[in-house]
Amino acid sequence: MTFWYRLCWWICRIGLFFWHPVFHVVGRELVPAGKAVLSVNHSGCADAIWLLLALDAPQMSRIIAKKELRKVPVVGWVMAKFRIIFVDRKAHDGTAYHEGVQALKDGEQMMVFVEGTRCNKNKHVRAKTGAVRMAVEADAPLVPVFITRNKTPWCPVNVIFGQPYEMPKRDGWTHDEYQQQADELLRRIYRLGGDSYADHIGEDGGVLLRRGTGRAHGGGGCPGGRLRYAGQYHTQ
């Protein structure tokens, strides 16, 4: 499997080179050698590939992905061969969560998109608690990772790894406490990219939209300007 993974790694890198020839990786040395929850922002279909390219590891990290991808011809077959953990997001699938926890306990690394959906351009959502819950249950460190948002053809792509940190060790976590920790995790992720949205994380439970023509500070590539809330049930 290592041979096929490295072959796919090179195919992806060469293919993406034509779209994004400039690729920067910062802080890769901070990633622990053993189990860890790689906690990432999500803005594009290729984010998982960019993170795997940035890690440049001999073995592939385990990834949680929506089950709809399993039905995509060829892609779904390849993902299954590489032990992707498929989750049914509409059914609150606990099987995927427990499989991810077990992978961590077995010493593997888990890649988790903290927002749970693609948040590009003007869209933001409240952080999901899955990454934090996995870290607590498996006693694994959280590694915040920021990937350039709003990628356009030929723009540079940055993958920035932050300092790993441990969750407090105690029993009896409430949902609100998990949510506060998830918000803090997402805040750390956006701060790695110098994105001003980090200051607004956790302010609302719905979708947060930006408006304005400026750009946020730093490497996020996000539109700046004022912020407005779209409400609890708004979808985009």
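Now for a description of the structure that goes with this document.

Quick notes on the rules
Residues numbered from 1 in each chain as written. Predicted model: local features only at pLDDT ≥ 70, side-chain atom pairs only at ≥ 80, totals over all residues. Heavy atoms only, no water. Axes fitted to C-alpha atoms, helices over the stretch in contact; angles between N-to-C directions. Helix = DSSP H or I, 4+ residues; strand = E, 2+ residues; numbered from the N terminus. Parallel < 35°, antiparallel > 145°, perpendicular 65-115°, else oblique. Left-handed = near helix turned anticlockwise from the far one by under 90°. Contact = heavy atoms within 4.5 Å. Nonpolar A, V, L, I, M, F, W, Y, C, P; charged D, E, K, R; others polar. Core = buried A, V, L, I, M, F, W, Y, C linked by side-chain atoms within 4.5 Å. Buried < 20%, exposed > 50% of the residue type's maximum accessible area, 1.4 Å probe, protein only. Patch = residues over 30% accessible without salt bridge, like charges linked within 9 Å, V, L, I, M, F, W, Y side chains within 5 Å. Areas by Shrake-Rupley, 256 points an atom, 1.4 Å probe, with all protein chains shown as cover. Salt bridge = Lys/Arg side-chain N within 4 Å of Asp/Glu carboxyl O. Lys, Arg positive; Asp, Glu negative; His and termini not counted. Charge placed at Lys NZ, Arg CZ, Asp CG, Glu CD.

**Side note on the packing of helix α4 (residues 94-105) against helix α5 (residues 130-138)**
Look at α4 against α5: their axes get within 9 Å of each other, and the N-to-C directions meet at 45°. In terms of their interaxial angle, α4 and α5 are classed as oblique. In this structure, α4 meets α5 at a crossing whose hand is right-handed. Of the residues in α5, those touching α4 at Ala 96, Tyr 97, His 98, Gly 100, Val 101, Leu 104 and Lys 105 are Gly 130, Arg 133, Met 134, Glu 137 and Ala 138. The residue makeup of the contact of α4 with α5, split by class, is 6 nonpolar, 3 polar and 3 charged.

**A short note on the nonpolar core**
The biggest cluster of nonpolar side chains holds 33 residues, and the ones touching the most others in it are Val 37, Leu 142 and Leu 185. At the level of elements, β4 (85-87), α4, β5 (109-113), α5, β7 (142-147) and α6 (175-192) are the ones that each hand at least two residues to this core. For this core, the leading source of residues is α6, giving 6 residues. When sequence neighbours within four positions are dropped, the list of residues in contact with Leu 185 reads Ser 39, Val 114, Ala 131, Val 132, Leu 142, Pro 144 and Tyr 165. Phe 23, Ile 84, Val 159 and Phe 161 belong to the second largest nonpolar core, which has 30 residues in total.

**Details of a positive patch on the surface**
Residues Arg 89, Lys 90, Arg 118 and Lys 128 make up a contiguous surface patch of positive charge. Tracing the backbone through its elements, the reader meets Arg 118 in the loop between β5 and β6 (123-124). The class for Arg 118 is partly exposed, based on a relative accessible area of 36%.

Distances and angles like these do not, on their own, reveal function.
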